[in-house]
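Notes for the structure review
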Amino acid sequence: MHLSIWDIMAPAFFECLILVGIHSYLGIHVIKRKVIFVDLALAQVAALGTTVGFLFGIMPGTSGAYWFSLGFAIIGAAIFSLSRFRHEKIPQEAIIGLVYALAAAIAILVIDKAPHGAEHIKELLTGSILWVKWKTIFHAALVYLAVGVFHFIFREKFLLISNDPEKAYDSGLNVRLWDFLFYVSFGVVITHSVGTAGVLLVFVFLVVPAITSIMITDVLWKQLLIGWSMGLLVSVLGLYFSYIADLPSGPTIVTLYGLMLFLVALILYVIKTPDRGKAMARIGLGIVATILVVLLFRFMGQFFHNHKDHAERQSAATLSSPHTDQADHSAAQASLDSLLRVFTETRNLADRFEIAKSITEIDRRQGLRRLIELLKECPYPFLREEIFQEILRYSKQDFGYDSMKDFNENRPAFKRMEKWLQTLQPF
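What this report covers is the structure whose coordinates are included nearby. Computed from a predicted structure; not experimentally measured. (Residues numbered from 1 in each chain as written. Predicted model: local features only at pLDDT ≥ 70, side-chain atom pairs only at ≥ 80, totals over all residues. Heavy atoms only, no water.)

With that settled, the discussion passes to the pattern of salt bridges. A side chain with one charge may pair with a side chain of the opposite charge, provided their charged atoms come close. A complete count under the given rule lists six salt bridges for this structure. Two residues, R33 and D179, come together in a salt bridge whose shortest N-O distance is 2.5 Å. In this pair, R33 is assigned in helix α1 (residues 5-33) and D179 in helix α9 (residues 175-197), connecting sequence segments 146 residues apart. Accessibility classification places R33 together with D179 in one group, the buried group. A salt bridge links R393 to E390, with the shortest nitrogen-to-oxygen separation between them at 2.8 Å. Within this pair, R393 and its partner E390 are both found in helix α17 (residues 381-395), separated by three residues, close to a single helical turn. A residue is classified by how much of its surface remains accessible, and R393, at 47% relative accessible area, is partly exposed. (Salt bridge = Lys/Arg side-chain N within 4 Å of Asp/Glu carboxyl O. Helix = DSSP H or I, 4+ residues; strand = E, 2+ residues; numbered from the N terminus. Buried < 20%, exposed > 50% of the residue type's maximum accessible area, 1.4 Å probe, protein only.)

Encoded structure:
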């Protein structure tokens, strides 16, 4: 059974929807408070919590790792609320940047003592929105709804501090307390969203809709409507383009967000300028300059590429000898041994899939054995389909396998795969 685009992209689409819903609102607060990089800092502090938990043997993605992450995010919220002063000599953004740098440095020091730790932290920070499960989406929606209700109940206090902090101080409002509550709720959202979407995508969901809507209007409900509409459009287009072009979904959405913001800025520039003809001429000059820069870098790339090819051909001619075949075989065996070791040590399923494909190119039976092994343990239907398509490319038979069914339901198909694998010759 082949999966349709909806089967593959539906969970990611609904995850994007709930991310747009809460982050577009929080992003307006972040822009008005002038703490643009607070989500990156809180995300790094939360990642530090997961890193510390991993050092104690708590695996990322578990409930224990979540509470470690949330606990550190609350500590970060306390730091950010305490670092705000009415008459500040040092901008709060500087404190936020310092916290980010310290959290990242400490995480590197901590993870250096954990086996294969860097791999787990890479998974945590980059996220993989295509792998999100419906259960995770449901839990995130409940958490975001609770945060949304909390902000709706106390909206007057939060909006007053964001829009007019001096008036909030003059009215006797405990700004630090409400700052702490804001950052705690923000940390709860970040802890949930970064694990599935990754830091870059979360940052863009937070900032770009808010910037776009604030450029267009000063009315809050209109800002939210614009942010949500923009997020919906970009999410649909980004997921679709990533599917048809076989591109990573997160970076594709981030890039489209950037392009959308750029287009909106150009349109607003033309609409609001008193001399639209001059504005259009400037835009035209900018386009021409951009094309010239692209052509220049293309020329440089071709020049250095040709230079590299020439050097490689000379090197190959120099190394040619009667012992080349023996040397190539030894190198291939060393490469195979290395790939097999890395496959065993790697935990990320997508990385293991790529490694298994590389093994198959060197030793077909060894690689296909790893692909079947990976197919048995993979919990994601869309990834199972990709793995099976790779097996099908070599076997030319489907074995009765269905990627929508779990291991137990596919047990007869796996027996047929194992039997077929025994008939293959190595290399």
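Looking now at the packing of α1 against helix α6 (residues 134-153). Packed helix pairs are specified by the crossing angle of their axes together with the interaxial distance, meaning the distance between the axes. Put simply, α1 and α6 touch, their axes get as near as 10 Å, and they point 15° apart. When the interaxial angle is binned, α1 and α6 end up roughly parallel. Classified by chirality, the crossing of α6 by α1 is left-handed. Seen from α1, the contacting residues are A10, P11, F14, E15, I18, L19, I22, Y25 and L26; seen from α6, they are W134, I137, A140, A141, Y144, V147, G148 and H151. (Axes fitted to C-alpha atoms, helices over the stretch in contact; angles between N-to-C directions. Parallel < 35°, antiparallel > 145°, perpendicular 65-115°, else oblique. Left-handed = near helix turned anticlockwise from the far one by under 90°. Contact = heavy atoms within 4.5 Å.)

In this section: α6. With 20 residues, α6 ought to run about 28 Å at 1.5 Å a step, and its terminal C-alpha atoms sit 29 Å apart, in line with that. Taken residue by residue, α6 has I137, A140, Y144, V147 and H151 as its buried positions. Down the axis of α6, the smallest arc covering the buried residues is 95°, so these residues share one side. Within α6, the exposed residues directed more than 90 degrees away from the buried face are K135, F138, L145, F152 and I153. Residues of α6 that are buried make contact with α1, α7 (155-163) and α9. (Expected span 1.5 Å × (residues − 1). Arc of directions from axis to C-beta.)

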